[in-house]
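Summary of the model geometry
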Amino acid sequence: MKEILIPGANEKLYLYKLDNGLQVYMVPNNKTKNFYITLSTKFGSIDTKFEYKGHKYDMPKGIAHYLEHLMFNMPDGSAHDVFSKLGASSNAFTSYDVTCYEVFANNKFKECLEYLIDYVYTPYFTKDNVANERGIITEEIKMYEDSPGSTLINGLLQNIFVSDERRYLVSGTVSDVKKITKEDIDLCYEAFYHPENMFMIITGDFDPSMAVSIITEEMKKKKFKEFVKPTLLRRKEPFKIVTDYSEKEMDLEKNKVAVGFKIPKSSFRSLKLSDSEALLYINLFTRVMFGSTSFLKEELQTSGVITGGISMNLTETSDYFVQVLASSTEFPDYFIKRVKETFALRDVTEDDVRRKVNVSVSNFIMLFDEIEAVNNQIQDDVINYGDYIYDIFNVYKSLNLETLIKVMDKLDKVLVSVFVLKPKKEEE
């Protein structure tokens, strides 16, 4: 087991890799009485096209999410029921590029860890439970489609992405899930749910040596075939957008607007920045220009254009960053105009950089008080960069105005799209 002191946080990261390929990340915290365990596979909603054992497959959209739902079925009942009896909270989620199974509790660590491993590595798929789950997922999809927040972001991504499957709902549509068969589920589990394609993260109150012993013993009970890595078949996302503007009517009281900037990662190659460093600089720029203390937010709130804040979300793909800025407003055209104008500004000072870096460092240190937040950060890094960036404190400290100016110059090469949700017009 490898032990690493995390710079700036005065916390320890423990790494252990099992013989079967499962990578385990552990950050203990004895200041809390809770623990949080996640077991994740590198299989998400965008991984529908792949080559496996010499054959090419094109799976229905939403299959990763469908498989996630089915995993809680066990031969003797529901995994949820077992965790409930242990006094633990269990759940799972599917995103664009990962499926994660989680358990949160404050006692019976051994039992919770053993059973998490047991049910995730006990595939129990029947024609009946596959068919029964279809109705539950259909209702969930309808809920997503009726959600203004989900519709706003999905609508914008449909504008921005031409080929990338992030333009589709993680759950797929109702028509998509109708196509999913038990044979599809079996194949995706076999291809993607091997320990070598998965990783575990444990944070909170636990002993790393004890955790490794439990994991090792429990894994001995499981048999895995030799790992054959699926080859993901993804179409290259071009540097263009589907449309620069679209809108939709929904049942809501006020317009919701999302402005997206499609930023090619290739723009930053000449600066010798890693993707994670480029992301931090873009995030630094947007926080200065659109954050809680920005001139634009104060202007729009004072003038009554917005009453809340401006939400910021930075999505990363293999070739692009997509910066989304969104808000509710009675004046969508003016909001869009001012967001575009502000994104084109390069008015950032040394003081701005110093303040935002100090806030980032402070937030990073405080992050370790929240065991779920630490777990999520490790997961994001593993998915986006292949490993946990445990020395991010030093990266924050290295951020500087000179490099930010160079990064901002590259932001002139972006594509912009807008999606607006409007209240339904009253029938006359």
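In this numbering scheme, every chain counts its residues from 1 along its sequence in written order. pLDDT decides what is reported in this predicted model: residues at 70 or higher carry local features, side-chain atom pairs at 80 or more are listed and counted, and totals for whole chains, interfaces and linings draw on all residues regardless. With hydrogens and water set aside, each side-chain value is computed from the structure's full complement of heavy atoms.

Before going further, it helps to examine the overall build of the protein. A run of H or I in DSSP becomes a helix once it reaches four residues, and a run of E becomes a strand once it reaches two; helices and strands are each numbered from the N terminus. What the protein contains, in helices and strands, is 15 helices and 17 strands. A compact globule built from 428 residues would reach a C-alpha radius of gyration of about 22 Å, and the protein, at 23 Å, matches this within 12%. In terms of overall dimensions, the protein has a C-alpha envelope of 60 × 60 × 45 Å along the principal axes. Categorising residues by exposure relies on relative accessible area from a 1.4 Å probe, with only protein chains included: less than 20% of the type maximum marks a residue as buried, more than 50% marks it as exposed, and the intermediate range marks it as partly exposed. Relative to its full complement of 428 residues, the protein shows a buried share of 53%. For the protein, restricting intrachain contacts to residue pairs at least 6 apart in sequence, the fraction spanning at least 24 positions comes to 81%. Each accessible area value is a Shrake-Rupley result obtained with a 1.4 Å probe; residue values ignore everything except the protein chains displayed when judging cover. Put simply, the protein shows about 20,100 Å² of open surface, and 48% of that area lies on carbon and sulfur atoms. For this measure, only C-alpha atoms enter the radius of gyration; the expected value for a globule follows 2.2 Å times N^0.38, where N is the number of residues. Any two residues whose heavy atoms approach within 4.5 Å at even a single point are treated as in contact.

Quick look at the environment of Glu114 now. On the secondary structure map, Glu114 appears in helix 3 (residues 109–120). Those residues in contact with Glu114 that sit more than four places away from it in its chain are Ile214 and Glu218. Any pair of N or O atoms that falls within 3.5 Å is considered a polar contact. Within protein, one atom must be able to donate a hydrogen and the other to accept it, and sequence-neighbouring residues count only if both atoms are side-chain atoms. A distance of 2.6 Å separates a polar atom in the side chain of Glu114 from a polar atom in the side chain of Lys110.

Right, let's talk about the side chain of Ser90 for a bit. Secondary-structure assignment places Ser90 in strand 9 (residues 89–94). Engagement of the side chain of Ser90 in a polar contact is seen with the side chain of His80, the distance being 3.0 Å. If sequence neighbours within four positions are ignored, Ser90 has contacts with Phe72, His80, Phe83, Glu102 and Val103.

Quick look at the nonpolar core now. Among buried residues, those of type Ala, Val, Leu, Ile, Met, Phe, Trp, Tyr and Cys that are joined through side-chain atoms within 4.5 Å constitute a nonpolar core. Tyr25, Ile263, Phe335, Val348 and Phe368 are the most contacted members of the largest nonpolar core, which totals 62 residues. Among the elements that line this core, the one with the most residues is helix 9 (residues 275–290), at 10 residues. If we skip the residues at most four places from it in the chain, Phe368 touches Ile6, Ala9, Glu11, Val27, Asn29, Val374 and Tyr388. If you look at the next biggest cluster of nonpolar residues, it comprises 59 residues, including Ala105, Phe109, Tyr119 and Leu187.

As a further point, take the state of the cysteines. As used here, a disulfide is simply a covalent bond connecting the sulfur atoms of two cysteines. Here, a disulfide means two cysteine sulfur atoms that sit within 2.5 Å of each other. Tallied over the entire structure, the rule returns 0 disulfides. The thiol of Cys100 is not disulfide-bonded; the next cysteine sulfur, from Cys112, is found 15 Å away.

In this section: unusual backbone geometry. Not every positive phi belongs to a glycine, and Lys53 is a case in point at roughly 55°. In this model, Lys108 sits at a positive phi of 55°, which is unusual for a non-glycine residue. Note that Lys108 resides in the loop between strand 10 (99–105) and helix 3.

Working definition: a ring pair exists when centres of Phe, Tyr or Trp rings (six-membered ring for Trp) sit within 6.5 Å. Plane angles under 30 degrees give stacked, over 60 give edge-to-face, the rest tilted. If you walk through the whole model with that rule in mind, you get 23 aromatic pairs. Geometrically, the ring pair formed by Phe50 and Phe192 is edge-to-face, given 5.0 Å between the ring centres and 85° between the ring planes. Here the residue Phe50 occupies a position in strand 5 (residues 49–52), and Phe192 occupies one in helix 7 (residues 182–192), the gap between them amounting to 142 residues. There is no split in this pair, since Phe50 and Phe192 are both buried. For the ring pair Phe109 and Phe206, a centre distance of 5.7 Å and an interplane angle of 15° mean the geometry is stacked. With Phe109 in helix 3 and Phe206 in the loop between strand 11 (198–204) and helix 8 (208–220), this pair connects stretches of sequence that are 97 residues apart. You'll find Phe109 and Phe206 in the same group, each marked buried. For a ring to carry a charge above it, either NZ of a lysine or CZ of an arginine must fall within 6 Å of the ring centroid while also lying within 35 degrees of the normal to the ring plane. Just above the ring of Tyr168 sits the side chain of Arg167; from NZ or CZ to the centre is 5.5 Å. Of note, Lys265 hangs over the ring of Phe321, and the distance from its end group to the ring centre comes to 5.2 Å.

A word on the sheet that holds strand 1 (residues 2–6). The strands that make up a sheet pair up through hydrogen bonds in the backbone, lying either parallel or antiparallel. Spatially, 7 strands are ordered 1-2-3-11-4-10-9 in an open sheet, and the strand pairing comes out mixed. Two strands in the sheet have a free side with no partner beyond their single neighbour: strand 1 and strand 9. The average angle at which neighbouring strand axes cross in this sheet is 15°, direction not considered. Across 7 bridges, strand 4 (residues 35–41) lies against strand 10 in antiparallel orientation. Counterpart to Thr38 in the pairing with strand 10 is Glu102. Fitted lines through C-alpha atoms give the axes, limited to the stretch in contact for helices. The angle between two N-to-C directions lies from 0 to 180 degrees. Packing against the sheet, helix 8 makes contact with strand 2 (11–17), strand 3 (23–28) and strand 11, and its axis sits at approximately 150° to strand 3. Paired strands, in this sense, are two strands between which DSSP finds at least two bridges.

With that settled, the discussion passes to the pattern of salt bridges. We define a salt bridge as a side-chain nitrogen of Lys or Arg found within 4 Å of a carboxyl oxygen belonging to Asp or Glu. As enumerated under the stated definition, the model contains 26 salt bridges in all. A salt bridge links Lys262 to Glu237, with the shortest nitrogen-to-oxygen separation between them at 2.6 Å. Of the two residues, Lys262 sits in strand 14 (residues 255–264) while Glu237 sits in the loop between strand 12 (231–232) and strand 13 (245–250), which places them 25 residues apart along the sequence. Neither Lys262 nor Glu237 differs from the other in exposure class; each is buried. Two residues, Arg346 and Asp412, come together in a salt bridge whose shortest N-O distance is 2.8 Å. With a gap of 66 residues between them, Arg346 in the loop between helix 11 (332–344) and helix 12 (350–367) and Asp412 in the loop between helix 15 (401–410) and strand 17 (415–423) connect regions that are remote in the sequence. In this structure Arg346 comes out as partly exposed when scored by relative accessible area, which is 25%. What emerges from the salt-bridge pattern is a single network uniting Glu299, Lys337, Arg338 and Glu341.

A regular strand places its side chains on the two faces of the sheet in alternate fashion. Of the strand pairs in this sheet, strand 1 and strand 2 are connected by 5 bridges, and their pairing is antiparallel. Among the inter-strand pairings, Glu3 is bridged to a residue of strand 2, identified as Tyr14. Between strand 1 and strand 2, which follow one another and run antiparallel, lie 4 residues, and Gly8 among them has a positive phi close to 85°.

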